[in-house]
Amino acid sequence: MAALREGIRKGRYVPGQRLVETDLVTEIGVGRNSLREAFAYLASEGLVQVEPHRGASIRRRTHTEVAQLYDLSEVLEGLAARLAAINITQPGNAESLTAAIDREHRDAAGGSANQRIDDAARLHETILAIADNPRLTELVTNLHILTFSFQLRHTRLDGAQDLGETSLAEHLAVVEAIRQADPQQAEIAMRTHIRSAKEQVTALPKDASG
């Protein structure tokens, strides 16, 4: 199941794609019963659609559904940034945050589109780790799986504008507020960033958003 979830987040499996059991048994190295259990669990999370006589496929979403996911992400990740600002003085937190943003900054010019997506994901994961709220981490991680696949499709359709200068500037604003131990500004900066991502994805043609 973990391999399928990560494959959806990474864009290896895209909205509408059929999940062929015989192929996945070989690719992932699991039995058919385990695979079907994974399909059922992923369907309960909203990632997979299972239809009688047609099998499983990656669920497609409407623009409205995508927008709603980003609305949830805005609230929850805003809270994560606020908590991270409160916890930033704890040992190792400032260093891990600096390492994450430095990596993104380094790859902004020469990294691949997928590398920049991965760097962005790591920064968000680092902020969640600093926030130190396991339930919040679980909820946001599930939202990331649902939303980052759309961000990847945006990358492929919109080329170099995917996570370019605007997104990096937004991340830098979030990081600076957290470093300054300013919970209110950290939340504002993160919510602004998530709204920007939502606008980018929901501006796609309706047949491209998944």
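For the structure itself, consult the block above.
The structure contained in this document is the topic of the report that follows. Since the structure is predicted, the reported quantities are computational estimates derived from the model, not experimental observations.

## Some remarks on the overall build of the protein
Part 1 of the argument: Scanning the protein from N- to C-terminus turns up nine helices and three strands.
Part 2 of the argument: Expressed as a percentage of its 210 residues, the buried residues of the protein come to 45%.
Part 3 of the argument: Taking as baseline every contact in the protein between residues at least 6 positions apart, the subset at least 24 positions apart corresponds to 73%.
Part 4 of the argument: Summed over its atoms, the accessible surface of the protein is roughly 10,500 Å², and 51% of this surface lies on carbon and sulfur atoms.

## Quick notes on the nonpolar core
Part 1 of the argument: Within the largest apolar cluster, 29 residues are counted, with the highest numbers of intra-cluster contacts made by Leu97, Leu123, Ile127 and Ile178.
Part 2 of the argument: Leaving out residues up to four positions away in the same chain, Leu97 has contacts with Ile88, Leu123, Thr126, Ile127, Ile130, Val175, Ile178 and Arg179.
Part 3 of the argument: Phe39, Leu47, Ala56 and Leu146 belong to the second largest nonpolar core, which has 17 residues in total.

## So, the sheet that holds strand β3 (residues 55–58)
Part 1 of the argument: As summarised here, the arrangement of the three strands in space is β1-β3-β2, forming an open sheet in which the pairing is antiparallel. The open sheet terminates on both sides in strands that have one partner only, identified here as β1 (18–19) and β2 (48–51).
Part 2 of the argument: Here two bridges tie β1 to β3, and the two strands are oriented antiparallel to one another. The residue bridging Leu19 from the neighbouring strand is Ala56, located in β3.
Part 3 of the argument: Across the face of the sheet, helix α3 (residues 32–44) comes into contact with β1, β2 and β3 while running at roughly 120° to β2.

Thresholds, definitions, all that
Residues numbered from 1 in each chain as written. Predicted model: local features only at pLDDT ≥ 70, side-chain atom pairs only at ≥ 80, totals over all residues. Heavy atoms only, no water. Helix = DSSP H or I, 4+ residues; strand = E, 2+ residues; numbered from the N terminus. Buried < 20%, exposed > 50% of the residue type's maximum accessible area, 1.4 Å probe, protein only. Contact = heavy atoms within 4.5 Å. Areas by Shrake-Rupley, 256 points an atom, 1.4 Å probe, with all protein chains shown as cover. Core = buried A, V, L, I, M, F, W, Y, C linked by side-chain atoms within 4.5 Å. Pairing = 2+ DSSP bridges. Axes fitted to C-alpha atoms, helices over the stretch in contact; angles between N-to-C directions.

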